[in-house]
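Understanding the architecture of this molecule
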Amino acid sequence: MKQIAANPVYKFLLFPVGQIILFALGASVILSLVTVLLAYLFKSNFIDFDLVERIMLILPQVIINGLTIGFVYSTIALGYTMVYGVLEFINFSHSEIFMVGGIVGIQLMAYFEHTGALATMNEYLVIALAIVLALIVSGSLAVIVERTAYKPLRGAPKLVPLISAIGMSFFLQDLVRLILSLTTGEFNVILPKFGTYDEFWKLAVPGMEDPLRIQIKSALIVGIAILMLVILNFLVNGTKVGKAIRAVAQDRPSASLMGINVNQIISITFLIGGALGGAAGVLFALKATKLDPFSGFFPGLKAFTSAVLGGIGNLTGALLGGLVLGLLESFAASYLGIFTNGAFGAEYKDIFAFAILIVVLIFRPSGLLGQTVGQKA
Amino acid sequence: MNTFFSDLYKKANTGFWPVVIAFAFLVVGTISVYLNPRSLFAFLTLLTTPVILYFMKIDTKVKVFIGLLLLIVILPVLGIRNIFYLEVIFQMAVFSALALGLNIVIGMAGLLDLGYVAFYAVGAYAWAIFGSKQMSLLHSIPGAAPANAEFFLDARWFWLFIFLGVGLAALMGILLGLPVLRVKGDYLAIVTLGFGEVIRVLALNLDKPLNLTNGPQGITPIQRPPLPGVVQALGNALTPLVGHVPTEAEIYNVFFYFLALIIIGIAIVVATRLEDSRIGRAWTAIREDETAAIAMGIPLVKMKLAAFAAGASFAGAMGAVYAANRTFVSPETFSFQVSIGVLTMVILGGLGSIPGVIFGASAVTLLNIQILQNFSLYLSDLRQSDAVIPIINFPWKNLSNQLDPAKYQKLVFGLILILMMIFRPSGLIPAARRQRELGDEKEAE
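Note that the structure is a prediction, hence the values are computed from the model and not measured.

**Quick notes on the overall build of chain B**
What chain B contains, in helices and strands, is 19 helices and two strands. Expected size for 445 residues packed as a compact globule is a radius of gyration near 22 Å; at 23 Å, chain B falls within 12% of this value. For chain B, the C-alpha atoms occupy an extent of roughly 70 × 65 × 55 Å along the three principal directions. Relative to its full complement of 445 residues, chain B shows a buried share of 54%. Split by element, the accessible area of chain B, about 20100 Å² in all, is 68% carbon and sulfur.

**A look at empty space enclosed by the protein**
If a probe as big as a water molecule is rolled over the atoms, it shows which places are left empty. Tallied over the full model, the rule gives four cavities of 30 Å³ or more. Its boundaries defined by the atoms lining it, the second largest cavity holds a volume of some 70 Å³. Tyr80(A), Ile90(A), Phe92(A), Ser95(A), Glu96(A), Ser169(A), Phe297(A), Gly300(A), Leu301(A), Phe304(A) and Ile190(B) together form the lining of the second largest cavity. The set of elements that each furnish at least two residues to the lining of the second largest cavity consists of helix H4 (94–115) and helix H11 (297–310) of chain A. By residue number, the principal contributor to the lining of the second largest cavity is H11(A), which donates four residues.

**A closer look at the domain arrangement of chain B**
All names here are of chain B. Taken domain by domain, chain B consists of domain 1 (1–81) and domain 2 (82–444). Using only C-alpha atoms to locate each centre, domain 1 and domain 2 end up separated by 26 Å. Contact with domain 1, which involves 21 residues of that partner, is made by 24 residues of domain 2. Contact between domain 1 and domain 2 buries roughly 1900 Å² in total, counting both sides, with carbon and sulfur atoms accounting for 74%. Its largest share of buried area at the contact with domain 2, domain 1 owes to Leu40, Phe43 and Ile80, together 33% of the area lost on that side. The interface formed by domain 1 and domain 2 includes zero salt bridges. Our count for the contact surface shared by domain 1 and domain 2 stands at one residue pair in polar contact (both at pLDDT 80 or more). Among the elements of the structure, helix H2 (17–35), helix H3 (40–55) and helix H4 (60–81) are those that each provide at least two residues to the side of domain 1 that touches domain 2. Of the residues forming the side of domain 1 that touches domain 2, the biggest block, nine residues, is contributed by H4. Among the residues making up the side of domain 1 that touches domain 2, the classes are represented as 17 nonpolar, two polar and two charged.

**A look at the packing of aromatic side chains**
Taken as a whole and judged by the stated rule, the model has 31 aromatic pairs over all chains. Here the aromatic rings of Phe331(A) and Tyr335(A) are separated by 5.7 Å at their centres, their planes lie at 65 degrees, and the arrangement is edge-to-face. With a gap of four residues between them, Phe331(A) and Tyr335(A) both fall in helix H12 (residues 315–339), about one helical turn apart. With a relative accessible area of 4%, Phe331(A) lands in the buried category. Joined through ring pairs, the aromatic side chains of Phe90(B), Trp127(B), Phe130(B), Phe158(B), Trp159(B), Phe161(B), Tyr252(B), Phe255(B) and Phe256(B) make up one cluster. Here Lys410(B) stacks its cationic end above the ring of Phe170(A), 4.9 Å away from the centre of that ring.

**Thoughts on the nonpolar core**
Ranked by size, the top nonpolar core spans 240 residues in total, and within it Phe92(A) and Leu114(B) carry the most contacts. Here the element with the most residues in this core is helix H3 (residues 51–87) of chain A; it accounts for 20 residues. Val33(B), Met56(B), Val77(B) and Val88(B) belong to the second largest nonpolar core, which has 30 residues in total.

**Regarding the environment of Arg424(B)**
All names here are of chain B. Within the secondary structure, Arg424 sits in the loop between helix H17 (409–423) and helix H18 (432–437). Taking relative accessible area as the criterion, Arg424 reaches 31% and is therefore assigned partly exposed. The spacing of Arg424 and Val122 is 302 residues in sequence and 33 Å in space, taken between C-alpha atoms. A distance of 2.7 Å separates a polar side-chain atom of Arg424 from the backbone oxygen of Gly427.

**Some points on the layout of surface pockets**
All names here are of chain B. The computed volume of the largest pocket comes to approximately 1600 Å³. Lining the largest pocket are 45 residues, and of these Pro50, Leu71, Ile268, Ile358 and Ser362 lie nearest its centre. Here the element with the most residues in the lining of the largest pocket is helix H11 (residues 248–276); it accounts for ten residues. Structurally, the lining of the largest pocket is a two-domain feature, drawing no fewer than three residues from each of domain 1 (1–81) and domain 2 (82–444).

**Section: the packing of H3(A) against H11(A)**
Residue and element names in this part refer to chain A. Their axes nearest at 8 Å, the elements H3 and H11 cross at an angle of 70 degrees. In terms of their interaxial angle, H3 and H11 are classed as roughly perpendicular. For the pair H3 and H11, contact is made by Tyr73, Ile76, Ala77, Tyr80 and Thr81 and by Pro299, Gly300, Leu301, Lys302, Ala303, Phe304, Ser306 and Ala307, respectively. Classifying every residue of the contact of H3 with H11 gives nine nonpolar, three polar and one charged.

**A few points about the interface of chain A and chain B**
Contacts between chain A and chain B engage 49 residues on the former and 43 residues on the latter. Across the interface of chain A and chain B, roughly 4300 Å² is buried in total on both sides, 75% from carbon and sulfur atoms. Summed over the shared surface of chain A and chain B, the result is zero salt bridges. Applying the counting criterion to the chain A and chain B interface returns five residue pairs in polar contact (both at pLDDT 80 or more). Elements represented by at least two residues in the side of chain A that touches chain B include exactly helix H5 (123–150), helix H6 (159–184), H11 and helix H13 (349–363) of chain A. No other element matches H6(A), which puts 17 residues into the side of chain A that touches chain B. Across the side of chain A that touches chain B, the residue classes tally to 36 nonpolar, eight polar and five charged.

**Section: a positive patch on the surface**
Residues and elements named next belong to chain A. On the surface, a cluster of positive charge is made up of Lys11, Lys240, Lys243 and Arg246. Among the elements that take part in the positive patch, helix H8 (residues 240–250) stands out by supplying three residues, more than any other. Residue position: Lys243 is located in helix H8.

**Some words on unusual backbone geometry**
Phi is mostly negative for residues that are not glycine, and the peptide bonds are mostly trans. The peptide bond linking Thr220(B) to Pro221(B) adopts the cis configuration, its omega dihedral lying at -5 degrees. By the secondary structure assignment, Pro221(B) is in the loop between helix H8 (185–205) and helix H9 (229–237). Within the chain, Glu88(A) stands out as a residue other than glycine whose phi angle is a positive 55 degrees. Residue position: Glu88(A) is located in the loop between H3 and H4. Note on Glu88(A): relative accessible area 15%, which makes it buried.

**Examining the environment of Val357(B)**
Residues and elements named next belong to chain B. Mapped onto the secondary structure, Val357 falls in helix H16 (residues 354–384). The class of Val357 is buried, set by a relative accessible area of 0%. Taking the C-alpha atoms as reference points, Val357 and Phe95, separated by 262 residues in sequence, lie 9.7 Å from one another. Discounting chain neighbours no more than four positions away, the residues touching Val357 are Ala99, Leu100, Asn103, Met345, Val346, Gly349 and Gly350.

**Structural notes on the pattern of salt bridges**
Here the idea is simple: oppositely charged side chains can pair when their charged atoms come close. All names here are of chain A. This model, assessed by the stated rule, comprises nine salt bridges over all chains. Among the ionic pairs, Lys302 bridges to Glu329, the shortest N-O distance being 3.5 Å. Here Lys302, found in helix H11, pairs with Glu329, found in helix H12; they are 27 residues apart in sequence, far enough to count as distant. For the pair Lys302 and Glu329, one class covers both residues: buried.

**Looking at the packing of H11(B) against helix H14 (residues 300–326) of chain B**
Residues and elements named next belong to chain B. Packing of H11 against H14 leaves a shortest axis separation of 11 Å and a crossing angle of 180 degrees. The orientation of H11 relative to H14 falls into the category roughly antiparallel. Between H11, through Asn253, Phe256, Leu259, Ala260, Ile263, Ala267, Val270 and Leu274, and H14, the contact on the second element is made entirely by Ala310, Phe314, Met318, Val321, Ala324 and Asn325.

Calculation notes
Residues numbered from 1 in each chain as written. Chains lettered and ligands numbered in written order. Predicted model: local features only at pLDDT ≥ 70, side-chain atom pairs only at ≥ 80, totals over all residues. Heavy atoms only, no water. Helix = DSSP H or I, 4+ residues; strand = E, 2+ residues; numbered from the N terminus. Rg over C-alpha atoms; globule rule 2.2 N^0.38 Å. Buried < 20%, exposed > 50% of the residue type's maximum accessible area, 1.4 Å probe, protein only. Areas by Shrake-Rupley, 256 points an atom, 1.4 Å probe, with all protein chains shown as cover. 1 Å grid on protein atoms, 1.4 Å probe; cavity = no way out; pocket = protein on both sides within 12 Å on 5 of 7 lines; lining within 4 Å. Points joined across faces, edges and corners; volume = space filled by probe spheres on them. Domains from an automatic or database assignment. Contact = heavy atoms within 4.5 Å. Buried area = accessible area lost by both parts, 1.4 Å probe. Salt bridge = Lys/Arg side-chain N within 4 Å of Asp/Glu carboxyl O. Polar contact = N/O pair within 3.5 Å; in protein donor to acceptor, adjacent residues only side chain to side chain. Nonpolar A, V, L, I, M, F, W, Y, C, P; charged D, E, K, R; others polar. Phe/Tyr/Trp six-rings, centres within 6.5 Å; stacked < 30°, edge-to-face > 60°. Lys NZ or Arg CZ within 6 Å of the ring centre and 35° of its normal. Core = buried A, V, L, I, M, F, W, Y, C linked by side-chain atoms within 4.5 Å. Axes fitted to C-alpha atoms, helices over the stretch in contact; angles between N-to-C directions. Parallel < 35°, antiparallel > 145°, perpendicular 65-115°, else oblique. Patch = residues over 30% accessible without salt bridge, like charges linked within 9 Å, V, L, I, M, F, W, Y side chains within 5 Å. Lys, Arg positive; Asp, Glu negative; His and termini not counted. Charge placed at Lys NZ, Arg CZ, Asp CG, Glu CD.

What follows is the structure, given as structure tokens:
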């Protein structure tokens with residue numbers, strides 16, 4: 001057993017992938033069971049249609065949507081949780097770094113469209129290039145933000161860097177808006193149409209009349225997110241830099257005594273977190289097809305909620321939290337209207353996340369996976 | 001050079017000179033605004049007077065006299081001549097009240113509240129729902145209102161609703177506080193932010209199943225209270241100074257200006273008294289060290305709830321006044337940006353410092369609705385001229401018309417927050433207690 005655990009293929013590939021799949025399946029199954037149970041309970045209140053049947057009809061689609069957005073949340077949440085683990089502060093501007101990644105990605109595709117290369121290039125190559133560019137831009141932006149707005153405030157009372165981060169978030173929103181309006185004349189960016197990833201795979205499922213329709217886009221988002229999560233896992237648990245990051249997160253003064261350059265490690269943490277956020281931005285852009293400088297705000301908040309839900313400072317927790325939140329949101333958006341007969345609908349899904357956040361903080365402040373590095377002080 | 005100025009300041013700050021300077025600013029400001037009602041510079045000169053009054057050594061009686069002269073006589077008269085100034089001052093007053101309230105929560109008790117606008121919204125929507133026709137339209141689809149609907153309450157109920165706004169907002173503060181006070185520092189910030197968004201989303205979507213808020217279109221018209229006879233008479237008495245008989249709308253503006261002034265007055269008194277009271281000292285203790293505060297026997301939860309309730313109540317009162325002043329409320333008015341705007345005012349002026357917070361609120365409001373606007377106008381003037389930017393030889397004409405400073409308030413707020421945090425975390429006019437304790441240099445480390 002010990003031998004298997006030490007095998008790098010197992011440790012850095014099979015185990016994390018298995019964990020992700022387990023989390024995704026587990027969360028989907030539990031939520032579906034709860035929903036169906038509720039449907040059976042309230043079935044008698046609905047006379048003109050069969051509640052259970054109606055819910056079962058869209059269930060697969062709801063789960064797929066939830067997992068897609070859940071993986072995006074997980075990827076963003078990792079940025080929050082890494083920074084929180086190291087510095088114990090909420091990097092409020094992470095949502096803007098995420099947004100910048102998405103916008104940069106779309107702008108690259110728009111540039112390819114403008115030069116006419118988009119029609120001839122392989123669509124997956126385009127997406128890969130957009131992600132790489134977003135990784136670089138968002139990662140460097142995160143480091144610049146850290147150096148200018150957070151580093152001078154290290155050691156100040158806790159509220160001081162937080163307020164600075166809020167200021168940075170606002171500043172970046174309008175700065176991006178200014179740059180976009182000055183260069184293109186408007187600040188909405190729209191994903192150009194290309195390739196076939198908008199289409200559906202149809203999987204015939206035995207026992208169901210209609211085939212299960214999976215948008216290629218969703219599969220792509222999930223696949224890329226898993227890939228990045230595996231790479232991150234390797235970075236943090238398998239390399240020397242990762243070891244240093246973990247050491248700094250655990251005890252900064254001691255890590256510094258051991259010869260670790262703390263400031264450099266903090267910058268690297270921001271770099272990794274920001275890069276992940278930027279890549280998540282491109283994935284989100286593929287799904288949303290339209291971004292503006294303010295569209296990072298809500299996904300950012302939800303990702304933060306995911307990080308808290310999973311246990312802030314805990315990387316696995318952020319992954320689980322993102323998946324659970326994405327699924328919960330998708331379920332709420334699709335079923336709230338059905339259950340309440342149209343009185344409350346999908347428009348409440350944004351505040352649903354906050355309700356979850358408040359409930360988690362009251363009953364289990366350490367999150368689903370417990371034992372955090374946070375709240376030391 | 002520096003010593004030259006400080007010597008000059010010292011000389012100017014002795015004997016009768018301060019009074020002379022204050023009067024000079026008052027008189028010059030008044031005359032220039034009277035003659036050029038549109039000039040920003042003239043208005044700024046006039047507004048420097050209170051700052052001089054605050055900083056210079058002047059006998060208290062003289063200070064009060066000049067202050068009252070400015071607030072009660074000069075500003076209303078000038079305001080009727082150019083109604084925009086009254087609007088500016090009214091907004092300054094509204095935001096000063098909000099900033100004073102937020103200052104209790106953040107500055108005194110040290111609880112970062114990012115959803116402060118929610119309490120403002122509660123006060124505003126309370127009067128908006130009951131003071132308009134909305135209660136008679138509960139079952140109609142938004143937008144398809146029958147024209148013959150009746151106002152639900154008489155306009156005089158407004159006076160009660162100011163107090164109801166206070167009570168409701170305080171209640172909301174306690175309701176929010178109860179679950180989240182177990183949460184510390186930065187978590188609290190996010191939860192309160194969420195709460196602010198919840199209130200906004202509710203205002204946006206509670207047009208069904210019952211049409212309470214009329215959704216994104218907002219509620220209009222909202223009744224204004226009937227004018228007391230005194231105000232009417234005052235308006236008529238002003239006729240010779242203003243140059244024409246003031247219209248009802250203008251008198252209403254003066255009326256709301258005085259109402260806001262009264263609320264600000266009460267808010268200042270309450271905040272000052274609270275600061276030096278038992279509760280205020282308990283807040284300071286909690287802010288500095290929670291554990292030590294508990295050990296000293298301070299009831300932590302009770303005190304934190306008190307801070308939330310007291311802070312919220314200011315916003316509730318102003319909300320009701322705002323709804324009546326605008327005769328219109330919509331969810332857009334209560335966005336997250338407003339919460340951060342008020343936070344910016346508190347940070348700029350100085351956490352925990354009452355004069356600082358009022359200064360911050362006035363400065364940011366002025367910047368927001370006047371200086372940035374003027375700057376935009378100036379840029380668009382330049383764009384139409386043939387001038388070029390000197391050194392880089394770039395013609396103004398080619399400057400993109402997207403470069404409109406008035407639209408970039410968030411950028412300004414963000415910059416102010418970052419710069420203040422890095423260079424002067426205790427604000428432009430720091431609280432006396434903080435100065436005594438630490439001095440600015442130590443805190444900046």
